[in-house]
Amino acid sequence: MKLSALHQSYLNRRSSNFRGLSGDSSADGSMKSQASVFWLVLHGLCCLVSLVLGFRFSRLVFFLLFSPSTTTNLYSMPFRQAVEASVFQLSTEAANQVLPVNTTTPRVVVGRHGIRIRPWPHPDPVEVMKAHRIIERVQREQRAQFGVKAPRTLIAVTPTYVRTFQTLHMTGVMHSLMLVPYDLVWIVVEAGGVTNETTSLIAKSGLRNIHVGFNERMPNSWANRHRLEAKMRLHALKIIREEKLDGIVIFVDDSNMHSMELFDEIQNVKWIGALSVGILAHSNSAEESSFSLAWKEADNSVIPVQGPACNSSNRLIGWHTFNSLPFLEKSATHIDDRGIILPRKLEWAGFVLNSRLLWKDFTDKPMWMKDLDLFDGVDDMESPLLLLNDASVVEPLGRCGLQVMLWWLRVEARSDSKFPPGWVIDPPLEITVPSKHTPWPDALPELPMSDKIVDAQGETLAVKRPGKTRRSRSKHDARNKRKHESRNAEVDISEKQTKQN
Amino acid sequence: MKMLTNIWTLILLGFLCSAFPSMEPMRTGALKLHRSQPTERISGSAGDVLDDDPVGRLKVFVYELPSKYNKKILQKDQRCLTHMFAAEIFMHRFLLSSAVRTLNPEEADWFYTPVYTTCDLTPNGLPLPFKSPRMMRSAIQLISSNWPYWNRSEGADHFFLVPHDFGACFHYQEEKAIERGILPLLQRATLVQTFGQRNHVCLKDGSITIPPYAPPQKMQAHLIHEKTPRSIFVYFRGLFYDVGNDPEGGYYARGARAAVWENFKDNPLFDISTEHPTTYYEDMQRAIFCLCPLGWAPWSPRLVEAVIFGCIPIIIADDIVLPFADAIPWEDIGVFVDEKDVPNLDTILTSIPVEVILRKQRLLANPSMKQAMLFPQPAQSGDAFHQVLNGLARKLPHGRSNVYLKPGQKILNWTAGPVGDLKPW
């Protein structure tokens, strides 16, 4: 264009649409050099006019007026009238003048357009909900096309009992099971009998569940615990047999972690399958050093995994088990121990069964499956492999054990740890007992506090003790003193921090 | 004699074609798609033509131009093979070894001139169109003086590939492009271009619109499992304001992209930003809708990417003409939103019935649809090269329009156009 100076400034700005040098001026030649001065002056005038008017009055209006030739389709730089004034927001709008054309009037015009913004440019909750329904429907369609073709019901078997960490573990398991896109039956076997706590927990999930009690209490040592859990699982398998539940049995321990791919992979099992379980054998102690030392001794650099071992043609040839020898000295025997909690050689959680294997009168039952009644009095069932005559029929799942989709973990609180039943604090606490240590590193030494009621931060609490004026007055003095001291303490600490910074 | 050889070649070709499993949609080498997804048949206004085989329906003669028009230009800058205008180079290579090529110009239906007009690149990689008119003019002068076929029809049975922003108007700025108009010498030729907009100077009747070039191997390398649930509602990555060339906004994209940003920047359903993530292709496969708004020109490679990755394209460009519009029913596949309706985009999208959305996804899943958008090397059946040939074949026979001129009749004005174009190249 004539005003190549302005153009050059535009063109020279580095952006993704950078078009390089003003080649067009060189291409056009020096034909209109005298006119360029004229155009510059005109451009200056236009700038002044636009300053006055408040919107950009482009130079190309003059081009329109003074252009020598008009091509048949004429719409170089028309301006546009602000039609929907309530909708347009920016001030950069311009008047429209469509010149008569020979061909059909194009709907689209070149030039500056307004940026349309609606009056309330924020998400509408109704639209958001509709969009989520669309997304859900599309995902359901995707699952139907690419996911498992005929999904079977899952039967999850969970042994549990009431203790401090039960809510923690069961909430995790519950949420995992609620996310499973298939039909699910949750069989919860509770040691020590059915309790209201567990019932209310399970009811929150909304899943179809069978909650039974088991008449033994959970013992304190880990070895006995493993045994009792195995017994509880057998009990659940008997229930499956009685109820003739049809589906895939999966052993969901309440403290394990399951990924969603696990539930999709399980659908591939025919009779009995094995998965790789990542073992998060951790130390119950506060210091990790004992565990990591043992780790280094065991000469391992990766997390141990229990599961099927295959040869190169993806056939099952053996098992990777957990080698507990290096850890035995440091292992925990009782729940409170500060040692490493070890799993068994092969955990139940790594196996899945077709529930038809357990049925009594199932005609197509394979020969290698033993009857459940044989295990009635058995004390310790280490793994479901004992149910089989021939362990080689186990199908390895998860790309032959290469994919780890669940992790085994046991974390328990001290056996004497107390927790509010149902995690509801009722009645509300009246007295708080101060802890011996304050979190402030440089806090002032504690004053004798026989009558004063303070909390760890050094500020006094409002106490529901009306009518004890004598005490309240002394409390008041103490409160002021405490406030001073705490303020000083804060000042000290902040000074220390600034010094550190 | 000639007829006999023709018949024999046709029979041979017929045997060869029937030897391959016919109409098998899965014979895609570049893209291995999951077999089990149900797809729907694609039929546009020209019928079910995506699977048509052009071999035997037309003959193309490729002019031998000196290498300064093609090879030397490419040697100067290899980036021309990977940018979105690379279709002109790949079309040349395809035609050289294709079955439709004939070495005898007397029997050719169409004539192709291999001149790479979009290969003069800036350091940033953008093509400069300033020398393109002169280059094209020089090429046409060459062919009209060395062969009689141009003068016979004044170019009406010749076709050219002009994949630049505004086609044969040879400028990146719309006003300038309109001002220049299509190169006068190309007035009668068939133009194969990416630009398409109704009632626009730079799209003439009878042009064939093609998709911009997108690298097939790169896209295939980023395919993820179709099982991955589509959890993003609307996805877009790109500029909303072109701060370098249009700082105030309003010019770039006719204000449409800026409107999208201003209205939906805080909307959780719209995953839009200017970032360049490394997972761009993977993200598109996790999205249900992909925005394809206009930029400085109405077309963009986003359309191709959306089709390949199964994301329903939302086309915001008034009056745009999409690639192979007579063969592909774009109205059934994508969602067209007027630029003035952009503030209500969320309402428009959520009010589409779910069955319609699922149907669009099925149409997009059709492998012949994806194949038609690509320029694979080596060429495969049903790809964009073949669709161009199909389009050319549909324009035959030439006798319908007044293609051949009477002796002595002259239509083209060789001195029309800006004076700068007349300089030799």
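This text gives an overview of the structure that appears in the document. Residue positions are given per chain, counting from 1 as you read along its sequence in written order. By the order in which they are written, chains take letters starting at A while ligands take numbers starting at 1. Reporting of local features is limited, given that this is a predicted model, to residues whose pLDDT is at least 70; pairs of side-chain atoms are given and counted only at 80 or more, and all residues count toward the totals for whole chains, interfaces and linings. Hydrogens are left out, water is left out, and the side-chain values use all remaining heavy atoms of the structure.

1. Things to note about the state of the cysteines
Residue and element names in this part refer to chain B.
Part 1 of the reasoning: For the purposes of this analysis, a disulfide is any pair of cysteine sulfur atoms at a distance within 2.5 Å. Taken as a whole and judged by the stated rule, the model has four disulfides over all chains.
Part 2 of the reasoning: Residue Cys80 pairs covalently with Cys119 via a disulfide, S to S 1.8 Å. On the S-S bond that ties Cys80 to Cys119, the torsion sits near 120°, and the link is right-handed. Of this pair, Cys80 sits in the loop between α2 (71-76) and α3 (87-96) while Cys119 sits in the loop between β2 (110-112) and α4 (132-146), and the two are 39 residues apart along the sequence. The burial state of Cys80 is the same as that of Cys119; both residues are buried.
Part 3 of the reasoning: Here Cys169 connects covalently by a disulfide to Cys202, the sulfurs 1.9 Å from one another. Taking the sign of the torsion about the S-S bond as the criterion, the disulfide between Cys169 and Cys202, at about -115°, is left-handed. Secondary structure elements follow DSSP: runs of H or I of four or more residues count as helices, runs of E of two or more count as strands, with numbering from the N terminus. For every residue, the accessible area obtained with a 1.4 Å probe (protein chains only) is divided by the maximum for its type, and the residue is called buried under 20%, exposed over 50%, and partly exposed between those limits.

2. Describing the sheet that holds β2(B)
What holds strands together in a sheet is hydrogen bonding between their backbones, with the strands either parallel or antiparallel.
All names here are of chain B.
Part 1 of the reasoning: Spatially, five strands are ordered β1-β2-β3-β4-β5 in an open sheet, and the strand pairing comes out parallel. The sheet is open, and its two edges are formed by β1 (60-62) and β5 (208-209), each paired on a single side.
Part 2 of the reasoning: In this description, strands pair whenever DSSP reports at least two bridges between them. Relative to β5, strand β4 (residues 190-193) runs parallel, the two sharing two bridges. Bridge pairing in β5 places Gln193 opposite Thr209.

3. Focus: helix α3 (residues 33-53) of chain A
All names here are of chain A.
Part 1 of the reasoning: Any helix carries an expected span of 1.5 Å times its number of residues minus one. A rise of 1.5 Å per residue sets the reference length of α3, with its 21 residues, at 30 Å; its end C-alpha atoms lie 30 Å apart and thus fit the reference within 8%.
Part 2 of the reasoning: Along α3, the positions that sit buried rather than exposed are Trp39, Leu42, His43, Cys46 and Ser50. Buried residues of α3, seen end-on, are gathered within an arc of 120° and therefore sit on one face of the element. Turned more than 90 degrees from where α3 packs its buried face, Gln34, Val37, Val41, Leu48, Leu51 and Val52 sit exposed. Note that the arc is computed from the directions linking the helix axis to the C-beta atoms.

4. Observations concerning the packing of helix α6 (residues 166-179) of chain A against helix α7 (residues 196-203) of chain A
Residue and element names in this part refer to chain A.
Part 1 of the reasoning: Put simply, α6 and α7 touch, their axes get as near as 10 Å, and they point 25° apart. Taken together, the axes of α6 and α7 lie roughly parallel to each other. The two elements α6 and α7 meet at a crossing, and its hand is right-handed. Between α6 and α7, the residues in contact are Gln166, Thr167, Met170, Thr171 and Met174 and Glu197, Thr198, Leu201 and Ile202, respectively. Whenever a helix is involved, its axis is fitted only over the stretch in contact; in every case the axis is a line through C-alpha atoms, and angles between N-to-C directions fall within 0 to 180 degrees. Note on angle classes: values under 35 degrees are labelled roughly parallel, values over 145 roughly antiparallel, values of 65 to 115 roughly perpendicular, and the remainder oblique. The sense of a crossing depends on the near helix, which, turned anticlockwise from the far helix by less than a right angle, makes the crossing left-handed and, turned clockwise, makes it right-handed. Contacts: residue pairs with any heavy atoms within 4.5 Å of one another.

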